[in-house]
Amino acid sequence: MSMQKYIVKRIFQIFLTLIIIMTIMFILFRMMPGDPTAFMLDTRMTPEHKAIIRAQFGLDKPIWYQYLFYLRNFFRGNFGRSFYYARPVYDLVKEKLPATILLWTGAYIISYSLGITLGKIIAWRRGGKLEFGSTLFGLFFYCMPIFWVGLIALWIFSYKFGFFPLGGLKGPDVWSDPSSGMLLKAYDVLKHVTLPLSVLTLAFFAGSMLVMRTSMLETLREDYIMTARAKGLPEKTIRDRHAARNAMLPVVTTFAIAVAGSVGGGVLTETTFSYPGLGKMIVDATLTFDYPLAQASFLFIALLVLVANLVADILYAYLDPRIVY
Amino acid sequence: MKILEVNNLRMYFSTKKGDVKAVEGVSLEIGKGESVGLVGESGCGKTSIGISILKLLPDNGRILEGEILFKGDDLVPKPEDEMRSVRWNGISMIFQAAMNALNPVYKVGDQIVEAIMLHEEVSKEEAYERVAQLYELVGMSPERAENYPHEYSGGMKQRAIIAMALACDPDMIIADEPTTALDVIVQDSIIKEIKKIQAKLDMTMLYISHDISVIAETCERIAVMYAGNVVEYSDSVTLFASPLHPYTNGLLSSFPSIKGPLKKLNPIPGEPPNLLNPPTGCRFHTRCPFAQRLCKEQVPEFREFQERHYAACHFAGELSLR
Amino acid sequence: MEEQKPRTKWEARIQQWKKSWEMYKENKIGLVGIGLLVFFFVFAVLGFVMPHIDPIYHPMTGFDPFIVSKSPPSITHLLGTDFWGRDIMSQLMSGAQIAFLIGLTAAVVAVAIGTTVGLVSGYYGGTTDTLLMRTVDIVLTLPFLPLIIVVSAAVGKQSIWVLVLIIALLSWGGISRVIRSQTLSLKQRPFVEAARVAGATDARIIFRHIGPNVLPLSFLYMSFLVLGAILTEAGVSYLGLGDPTRVSWGIMLQWCRTTGSTFTWYWMLPPGLCITLMTLSFYLIGRAVDEIVNPRLRKR
């Protein structure tokens, strides 16, 4: 099977998984005690208003009809209106998505590149002070709750030293001033994003480094490493071209497995830094009982995870010639 | 002319439980165009000698004493960067294919080209041209160089590994159990291939195996190893006809002969010793049917008894063997 | 000394455990893990005792009559008090109790589900296997924390047991895969064939013959699941979606943040440090057990 066919197949699988997740959501919100339609209707609405919404979302129809209606609405981009903001959920998601993608993918890319590089080096130089230090460092960061690391970072870098703003993504003084140029705006965003990005990077970094180290240590025992040494290749070539290249494979697999768990770190980081992304939005929506917004935020986070999985699968297939699609 | 001369080599592995005395006072010489077999039970230090020659020791292995003269040049004190040009260019290795000797993520041809480009000033095209020739030499279609290791069968992998060992036209090849774990028919064709190439290129070779029948088929000279020592070294005909060391004798009578008359096999009683704590004196005395008090107390010297027939036994020549 | 031949199956098992403990004792990081665990256990038990000594040490209702707001460490309050004048040390002890409760129950439930699914899937194979493993695939791609957040929104009631149940229901996927592959290889062993010939039922073969052999692996994964459950509870509580009737470390940090006291070090630092050390203890134990269960990881 060719690569294209494989990708098409995986996209189809993602589509199916998404429908299953939506079905779970649908059942979940129907199981709620009380008015089965409460998830769509704000208690603050007038009865007339409720009736209009009911009809609009087919809530007066049988359950199977409601289900199909729900699916159709989703794929048309109609997620209902947010109770809290009184705006279409679609617009809100569209607003927050870029910020989340910036923070999360940024953190994943930086942490995995750093983790792979450092893991490679410390495994190669077995038993140095560097290995002990980074393993200990990695262990602690692996076990620390990320939001606590965020709080400490805020305390030290924003509160004590004032290097960075306390939260948000855009400084109001810069963005409300019409005379601010692109460069100033970019600098402002960078200033806001640095701290949350660093914290999230640290959280992901520890895991990727520890996995790379273990994987590298196992790879170094492989016979082809002996072959490479016997060929007279320089140490660096053996380490990078022969050992690290193979040791990376389990790291990619681990990424695919871990991503569903680690996006939680993104949610917690966004909340700690009041970073206006999907993660903060899902928490706020849940706390304000804004069900349509919470559901849509969740579905988009789920979609991001599925896409990350797809990327990992494609990367793996590209890196390992043994893979049969 | 001697290509390789090993003098009194001593190599230990340090472990948590103490030093594993893997190679203890081993001496060997290999002339140009000769093929020498190194035979012994598993764990007797054969492979340790192989990796000591190229100084490919793991972190816990170290050479304590001795000389490894390659074309008259001692390799033991050589620093890593000088060793690198000896590796593959001077001495290459044929690894066991059943082990993962080929890197799974690169095309086999590229792995051979990597070795050629490292040691010789040739263009990429010339290197690939060489790979095609090598593939033909080992009886494989040159297009297969474009495949990955997992697309090869065991026998093909072994051929590719042989091709890789020949890539830089080395002065000597160390073959470490090249046919172990292959099925018998493939094993046979690989041995034939090695013999053919050896004859054609006048290859100098050190052939390491636990199987004396394979060694007998491929090698002119045989060194027998026991528990870190070479106990006997001579040409194969003499060794088979009149062994001097009781261990050699035991080894010969524990293997069936295809051509000779059917005989009862006599396995050597007992277990090979633990090299963490080897027996005193002659390391074989614990299992030797002829052992005397002297054998327990004194290490026998590795002496030349006849022209190029060496043995390490106090009573060599006095015993009635075979 | 020669080892005594075990007379009963149980004696054999006890001997096996003793041997494993001997190996575990060799492992320094494993001992550090056990040490931390014992510390937290004592700490948690102290939490039950303290309110009986003086009611101001009750984590929830122990408002100190002389202190009405945050106060730094003092003789009566070794780690100071929170926004409402309650003892932070006592709250930490209560947090240790909650962490044990959540971590262990969630992990036991998840391990039970995961092991059963893995055993059944591996033993029966075929359609059962395909169905179960596809389910696992989906469970493993569900974004864990966000799902807990929306589910808690849907359920509405914020109870510790609901949280335990959700965590357990979402974290059995990984372990079932491991147990399945182990079962696949155990299924080929002669003792399973022997049991089948002797007329044992499928259920008996799965739980009496194969089950005990995969238990060490289950145990290994349990320590990592405990760790995950503790971190998850902390995160959910920190976001304000935890059980407000119990004082957990996550809830403490949530109070600390929502009262605008993030930069009050004596309030903000201790709960996070406790979470870190307790998860670290389970991680270290897990790693040490890993070295015993997977011999290839042992140091040569």
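The model shown is predicted, which means the values in this text are computed figures rather than measured ones.

A.B. asks: Please provide a residue-by-residue account of the overall build of chain B, values included.
C.D. replies: When you go through chain B residue by residue, the secondary structure sums to 10 helices and 12 strands. Scaling as 2.2 N^0.38, a compact globule of 322 residues should have a C-alpha radius of gyration of about 20 Å, and chain B matches this with 20 Å. In terms of overall dimensions, chain B has a C-alpha envelope of 65 × 50 × 40 Å along the principal axes. Just so you have it, chain B exposes about 14,300 Å², and 51% of that area is on carbon and sulfur atoms.

A.B. asks: If you had to explain the sheet that holds strand E9 (residues 221–226) of chain B to someone new, which residues and values would you point to?
C.D. replies: Residues and elements named next belong to chain B. Read across the open sheet, the 8 strands follow the order E6-E7-E8-E3-E9-E10-E12-E11; overall the sheet is mixed. Among the strands making up the open sheet, the edge pair consists of strand E6 (91–94) and strand E11 (303–306). The average undirected angle you get between the axes of adjacent strands in this sheet is 20 degrees. Bridge count between E9 and strand E10 (residues 229–235): 6 bridges; the pairing is antiparallel. Across the sheet, residue Val 224 finds its bridge partner in E10, namely Glu 232. Helix-sheet contacts for helix H9 (residues 246–253) involve strand E3 (35–39), E9 and E10, and the interaxial angle to E9 is about 105 degrees.

A.B. asks: Go over the nonpolar core with me, naming the residues and quoting the values.
C.D. replies: Ranked by size, the top nonpolar core spans 187 residues in total, and within it A:Met25, A:Val267, C:Leu239 and C:Trp249 carry the most contacts. Sort the elements by how many residues they give to this core and helix H3 (residues 88–124) of chain C lands first, with 16 residues. Ignoring any residue separated from it by four or fewer positions in sequence, one finds C:Leu239 in contact with A:Val267, A:Leu268, A:Thr271, A:Val283, A:Leu287, C:Leu145, C:Ile149 and C:Gln254. Within the second largest apolar cluster, 100 residues are counted, among which are B:Val23, B:Leu57, B:Val224 and B:Ala316.

A.B. asks: Report on the interface of chain C and chain A, specifying residues and quantitative values.
C.D. replies: Across the boundary between the two partners, chain C contributes 42 residues, which contact 47 residues of chain A. Counting the surface lost from both chain C and chain A, the interface buries some 4,000 Å², and carbon and sulfur atoms represent 80% of this. For the interface between chain C and chain A, the tally reads 0 salt bridges. Scanning the region where chain C abuts chain A turns up 4 residue pairs in polar contact (both at pLDDT 80 or more). If you list the elements that add at least two residues to the side of chain C that touches chain A, you get helix H4 (126–141), helix H5 (144–155), helix H9 (202–238), helix H10 (249–258) and helix H11 (265–293) of chain C. Top element by residues in the side of chain C that touches chain A is H11(C). It accounts for 12 residues.

A.B. asks: Which residues make up the interface of chain A and chain B, and what values do they have?
C.D. replies: Contact with chain A, which involves 21 residues of that partner, is made by 25 residues of chain B. In total, about 2,300 Å² of surface goes out of reach between chain A and chain B, with carbon and sulfur atoms giving 59% of it. The partner of A:Lys231 in a salt bridge is B:Glu114, and the shortest N-O contact between them spans 3.0 Å. If you look at where chain A meets chain B, you find 13 residue pairs in polar contact (both at pLDDT 80 or more). Only helix H9 (223–230) and helix H10 (235–272) of chain A provide two or more residues apiece to the side of chain A that touches chain B. The greatest single-element share of the side of chain A that touches chain B, amounting to 7 residues, is contributed by H10(A).

A.B. asks: Could you give me a rundown of unusual backbone geometry, with the residues and numbers involved?
C.D. replies: Residue and element names in this part refer to chain B. Phi is positive for Lys 55, close to 55 degrees, though the residue is something other than glycine. The residue Lys 55 is located in the loop between helix H1 (46–53) and strand E4 (61–70) in this model. Positive phi outside glycine occurs at Lys 71, with the angle close to 50 degrees. Along the chain, Lys 71 turns up in the loop between E4 and strand E5 (73–74). The class for Lys 71 is partly exposed, based on a relative accessible area of 45%.

A.B. asks: Break down the domain arrangement of chain A for me, citing the residues and quoting the values.
C.D. replies: Residues and elements named next belong to chain A. Along its sequence, chain A is carved into domain 1 (2–75) and domain 2 (89–319). Between the C-alpha centres of domain 1 and domain 2 the distance comes to 32 Å. On the side of domain 2, 15 residues touch domain 1, which itself brings 18 residues to the contact. Taken over both partners, the interface formed by domain 1 and domain 2 buries close to 1,500 Å², and the fraction arising from carbon and sulfur atoms is 80%. The interface formed by domain 1 and domain 2 includes 1 salt bridge. Asp 313 is paired through a salt bridge with Arg 10; the nearest N and O atoms lie 2.6 Å apart.

A.B. asks: Break down the pattern of salt bridges for me, citing the residues and quoting the values.
C.D. replies: A pair can form between side chains of opposite charge whenever their charged atoms are brought close. Residues and elements named next belong to chain B. One pass over the structure, following the stated rule, counts 32 salt bridges over all chains. Between Arg 308 and Glu 34 there is a salt bridge whose closest N-O contact spans 2.9 Å. Placement of Arg 308 in the loop between E11 and strand E12 (309–311) and of Glu 34 in the loop between strand E2 (18–31) and E3 is noted, with a sequence separation of 274 residues between them. Given the relative accessible area of 23%, Arg 308 is considered partly exposed. In this structure, Glu 41 engages Arg 287 in a salt bridge whose closest nitrogen and oxygen atoms are separated by 3.6 Å. Note that Glu 41 is positioned in the loop between E3 and H1 and Arg 287 in the loop between H9 and helix H10 (293–297), a separation of 246 residues in sequence. Looking at Arg 287, the relative accessible area reads 7%, which means it is buried. Here the salt bridges do not stand alone but share partners, grouping Arg 10, Glu 24, Glu 65 and Arg 283 into one network.

A.B. asks: Mind laying out the pairing of strand E8 (residues 205–209) of chain B, listing which residues take part and the relevant values?
C.D. replies: All names here are of chain B. For E8, the tally of buried residues reaches 5 of 5 residues, placing the bulk of the element in the interior. Side chains Met 205, Tyr 207 and Ser 209 project from E8 onto one buried face, and the interleaved Leu 206 and Ile 208 project onto a second face that is buried too. Bridge count between E3 and E8: 5 bridges; the pairing is parallel. Counted as the bridge partner of Val 36 is Leu 206 from E8.

A.B. asks: If you had to explain the packing of helix H11 (residues 278–287) of chain A against helix H12 (residues 291–319) of chain A to someone new, which residues and values would you point to?
C.D. replies: Residues and elements named next belong to chain A. At their nearest, the axes of H11 and H12 sit 8 Å apart, and the two run at 150 degrees to each other. Classified by the angle between their axes, H11 and H12 sit roughly antiparallel to one another. As for the relative orientation of H11 and H12, their crossing is left-handed in sense. Contacts from Leu 278, Met 281, Ile 282, Ala 285 and Thr 286 in H11 reach Leu 293, Ala 294, Ser 297, Phe 298, Phe 300, Ile 301 and Leu 304 in H12. Taken together, the residues of the contact of H11 with H12 sort by class into 10 nonpolar, 2 polar and no charged.

A.B. asks: Tell me what's going on with the pairing of E4(B), and back it up with residues and numbers.
C.D. replies: Residues and elements named next belong to chain B. Two strands pair when backbone bridges link them, and strand E1 (residues 2–15) and E4 are joined in this way by 8 bridges, in the antiparallel orientation. Residue Phe 13 lies in a different strand from E4, and its bridge partner there is Gly 61. Note that E4 and E5 share 2 bridges and pair antiparallel. What sits directly across from Leu 69, in E5, is Asp 74. Remark: 2 residues form the turn of the hairpin made by E4 and E5, two consecutive strands paired antiparallel; Lys 71 in that turn has positive phi of roughly 50 degrees.

A.B. asks: Go over the arrangement of the chains, please, and point to the residues and values.
C.D. replies: Here the protein chains form 2 pairs of chains in contact, of which the pair with the most contacts is chains A and C. There is no contact between chain B and chain C; across them, the least C-alpha separation is 8 Å.

A.B. asks: Quick rundown of the sheet that holds E4(B)? Include the residues and the values.
C.D. replies: Residue and element names in this part refer to chain B. Spatially, the 4 strands line up as an open sheet ordered E2-E1-E4-E5, and their pairing is antiparallel. The strands lining the two open edges of the sheet, one partner per strand, are E2 and E5. Contacting E1, E2 and E4, H1 crosses the sheet at an angle of about 115 degrees to E1.

A.B. asks: I'd love a proper account of the packing of aromatic side chains, names of residues and values included.
C.D. replies: Throughout the structure, instances matching the rule amount to 26 aromatic pairs over all chains. Seen from their ring centres, A:Phe74 and A:Phe75 are 5.2 Å apart, and the 90 degrees between their planes marks the pair as edge-to-face. Here A:Phe74 falls in the buried class, since its relative accessible area comes to 12%. Between B:Tyr226 and B:Tyr247 the ring centres are 4.6 Å apart and the planes differ by 50 degrees, which places this aromatic pair in the tilted class. Residue B:Tyr226 is found in strand E9, and its partner B:Tyr247 is found in helix H9; the two are separated by 21 residues along the sequence. Judged by its relative accessible area of 1%, B:Tyr226 is buried.

What counts and what doesn't
Throughout this description, residue numbers start from 1 for each chain and increase along the sequence as written. A letter from A marks each chain and a number from 1 marks each ligand, given out in the order of writing. The model is predicted, so local features are restricted to residues of pLDDT at least 70 and side-chain atom pairs to those at 80 or more, both for listing and for counting; the totals for chains, interfaces and linings are taken over all residues. By convention in this description, side-chain values take in all heavy atoms of the structure and omit both hydrogens and water. Only DSSP runs of H or I reaching four residues or more are called helices, and only runs of E reaching two or more are called strands; each is numbered from the N terminus. Two things to know: the radius of gyration comes from C-alpha atoms, and the globule rule equals 2.2 Å times the number of residues to the power 0.38. Accessible surface is estimated by sampling points in the Shrake-Rupley manner with a 1.4 Å probe; for residues, cover comes only from the protein chains shown. For two strands to be treated as a pair, DSSP must find at least two bridges joining them. Whenever a helix is involved, its axis is fitted only over the stretch in contact; in every case the axis is a line through C-alpha atoms, and angles between N-to-C directions fall within 0 to 180 degrees. Throughout, a residue-residue contact means that at least one pair of heavy atoms, one from each residue, lies within 4.5 Å. Nonpolar core, defined: a set of buried Ala, Val, Leu, Ile, Met, Phe, Trp, Tyr and Cys residues in which side-chain atoms within 4.5 Å join the residues together. To sort residues, take the accessible area from a 1.4 Å probe on protein chains only and compare it with the maximum for the residue type: under 20% means buried, over 50% means exposed, and anything in between is partly exposed. Throughout, the accessible surface (probe 1.4 Å) given up by two parts as they are put together, summed over both, is called the buried area. Note on definitions: salt bridges are taken to be side-chain nitrogens of Lys or Arg within 4 Å of carboxyl oxygens of Asp or Glu. Any pair of nitrogen or oxygen atoms within 3.5 Å is treated as a polar contact; in protein, a donor-acceptor pairing is required on top of that, and neighbouring residues in sequence qualify only through side-chain atoms on both sides. Each domain's limits were defined by an automated method or a database of domain assignments. Roughly parallel covers angles under 35 degrees, roughly antiparallel covers those over 145, roughly perpendicular covers 65 to 115, and oblique covers all other angles. Here a crossing is called left-handed whenever its near helix is offset anticlockwise from the far helix by less than a right angle, and right-handed whenever the offset is clockwise. Following the grouping adopted for this structure description, the nonpolar residues are Ala, Val, Leu, Ile, Met, Phe, Trp, Tyr, Cys and Pro, the charged ones are Asp, Glu, Lys and Arg, and the polar ones are all others, Gly among them. Classification of ring pairs rests on two measures: the distance between centres of Phe, Tyr or Trp rings, Trp counted by its six-membered ring, which must be within 6.5 Å, and the angle between planes, read as stacked under 30 degrees, edge-to-face over 60 and tilted in between.

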